[in-house]
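So you can see what is in the structure, the chains are spelled out below.
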Amino acid sequence: MTDTPPVQAYRGSLEKLIAKIGEARGFDLGNYRRAYIERRIAARLRTVGLHSYRQYADLLDEDPREYDELIGTITINVTDFFRDKVVWSHLRPILKEMIAAKRVGRSRALRVWSAGCATGEEPYSIAMLLLDLLGDHAKDFVVSVTASDLDSDVLEVARQGVYERERLRHIPPSYQVRFLQQVGEGRFEMAPEVKRLVRFQKLSLFEPAPFRVMDLIMCRNVFIYFDRDQQVRVLENFWNSLARGGYLVLGRSEKLAPEMAARFEAIVGRERIYRRPSRA
Ligand SMILES: C[S@@+](CC[C@H](N)C(=O)[O-])C[C@H]1O[C@@H](n2cnc3c(N)ncnc32)[C@H](O)[C@@H]1O
């Protein structure tokens with residue numbers, strides 16, 4: 001079997017397939033890059049042993065569970081605690097400074113949004129870091145980490161907050177002792193003080209975000225596959241959801257679209273850490 005999609009001859013019916021999936025599941029594949037969608041559908045076709053979009057459309061009718069398989073293949077929910085160590089080493093002093101500024105100012109609220117949170121490792125990592133940085137001052141602050149994803153299955157895992165031992169390997173040992181408790185053979189649950197801070201919510205990034213004045217938005221390894229227009233819309237959404245001076249962190253291979261790059265300040269450009277200017 002070659003890597004070339006066996007579906008090139010049926011390119012025309014890709015549009016029909018996209019429309020079919022949109023109607024059945026309200027999920028608009030048209031917002032993703034075309035080449036990416038073709039590759040992911042080709043991968044599904046190989047898995048199920050079919051050779052055309054038309055055959056695949058028939059399979060979706062016969063077995064609607066295939067919609068979930070396909071959407072899962074497109075959205076990919078790989079994640080990790082403290083994913084990309086370098087980013088977290090930059091975030092630490094940024095959040096420390098943010099907390100210090102809030103302590104001298106009037107606001108005692110810290111609002112974070114993890115957009116595209118998958119199984120919860122990213123929002124729990126932020127919550128642990130914030131609790132560590134706040135120390136004894138945690139009680140003086142109202143901390144909220146809103147964690148959103150469009151996939152209900154990953155959100156269910158995230159809400160449970162129970163992970164196998166090998167998933168914990170990037171959590172610093174002192175955090176493992178403080179923030180995790182064993183709940184079974186090789187299984188660990190996030191401590192209540194961490195879970196309490198994180199609220200999970202089903203939300204598609206293709207819809208306008210219902211948030212305002214976020215201090216930090218992390219949207220990592222999520223929109224790399226969206227097409228250009230959709231990326232700009234998502235970034236507009238983030239802009240509107242951020243407080244002035246709030247931070248935006250993207251994945252290492254995700255760049256600000258040029259029309260948005262002029263609006264954000266690059267704080268650590270290489271690590272995709274940006275800021276909405278204080279006066280914008
Ligand atoms: C690769 S994971 C990234 C998880 C985490 N942010 C990280 O970097 O480790 C991508 C997540 O984005 C979610 N996702 C993809 N498209 C989305 C969309 N349009 N709206 C909301 N979430 C989406 C997927 O369901 C998946 O859980």
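Our structure is the block above this text.
To continue, consider the site of the ligand. Neighbouring the ligand are 21 residues; Thr79, Arg83, Asp149, Leu205 and Asn221 lie closest to it. A distance of 3.0 Å is found between a nitrogen atom of the ligand and a side-chain nitrogen or oxygen belonging to Tyr32. Between an oxygen atom of the ligand and a side-chain N or O atom of Thr79, the distance comes to 2.5 Å. Here the ligand loses 98% of its free accessible area of 600 Å² to cover by the protein chains. Classifying every residue of the shell around the ligand by side-chain character gives 10 nonpolar, 6 polar and 5 charged.

Pairing is mixed in the open sheet, where 7 strands are placed in the order β6-β2-β1-β7-β8-β10-β9. Both outer strands of the open sheet, β6 (198–202) and β9 (265–268), are each paired with one neighbouring strand and no more. Strand-to-strand twist in this sheet, taken as the mean axis angle between neighbours without regard to direction, amounts to 20°. Of the pairings in the sheet, the one linking strand β2 (residues 142–149) to β6 comprises 5 bridges and is parallel in character. Looking at the pairing, Ala147 lines up with Phe200 of β6. Seen against the sheet, helix α6 (residues 121–134) touches β1 (109–115), β2, β6 and β7 (214–219) and runs at an angle of roughly 160° to β1. Helix α7 (residues 152–160) contacts β2 and β6 of the sheet and is inclined by roughly 165° relative to β6.

Thresholds applied
Residues numbered from 1 in each chain as written. Predicted model: local features only at pLDDT ≥ 70, side-chain atom pairs only at ≥ 80, totals over all residues. Heavy atoms only, no water. Near = heavy atom within 4 Å. Polar contact = N/O pair within 3.5 Å; in protein donor to acceptor, adjacent residues only side chain to side chain. Areas by Shrake-Rupley, 256 points an atom, 1.4 Å probe, with all protein chains shown as cover. Nonpolar A, V, L, I, M, F, W, Y, C, P; charged D, E, K, R; others polar. Pairing = 2+ DSSP bridges. Helix = DSSP H or I, 4+ residues; strand = E, 2+ residues; numbered from the N terminus. Axes fitted to C-alpha atoms, helices over the stretch in contact; angles between N-to-C directions. Contact = heavy atoms within 4.5 Å.

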